[in-house]
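This is what each chain is made of:
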Amino acid sequence: MPNPFEDDSREYLALSNEEEQYSLWPQDTEVPVGWRVVYGPATRKEILDHIERSWTDMRPKSLRNAVAQGDSR
């Protein structure tokens, strides 16, 4: 059985959480609590392309905000 996150024959979703982090997610698998669908369903490649275009800063939103406000935690 292929890995459900690497199976090009499936459809996927792009998920995002409150920290604006992204995840590739199989379309037929329940979305985890704390995540929401932001794109899809679409092919694995389309979802990965969307995530690459959208997730340009890998730092969590809270860290980006703290740095922007000069918080050195």
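Look a little higher up for the structure.
Residues numbered from 1 in each chain as written. Predicted model: local features only at pLDDT ≥ 70, side-chain atom pairs only at ≥ 80, totals over all residues. Heavy atoms only, no water.

**Some remarks on the sheet that holds strand β2 (residues 22–26)**
The antiparallel open sheet is built from 3 strands, whose spatial order is β2-β1-β3. The open sheet is flanked by β2 and β3 (35–43), the only strands paired with a single partner. Averaged over all pairs of adjacent strands, the angle between strand axes in this sheet comes to 30°, irrespective of strand direction. Two elements, strand β1 (residues 11–17) and β3, share 6 bridges in a ladder whose sense is antiparallel. Paired with Ala14 across the bridge in β3 is Tyr39. The sheet contacts of helix α1 (residues 44–54) involve β1, β2 and β3, and relative to β3 the element is tilted by about 135°. (Pairing = 2+ DSSP bridges. Helix = DSSP H or I, 4+ residues; strand = E, 2+ residues; numbered from the N terminus. Axes fitted to C-alpha atoms, helices over the stretch in contact; angles between N-to-C directions. Contact = heavy atoms within 4.5 Å.)

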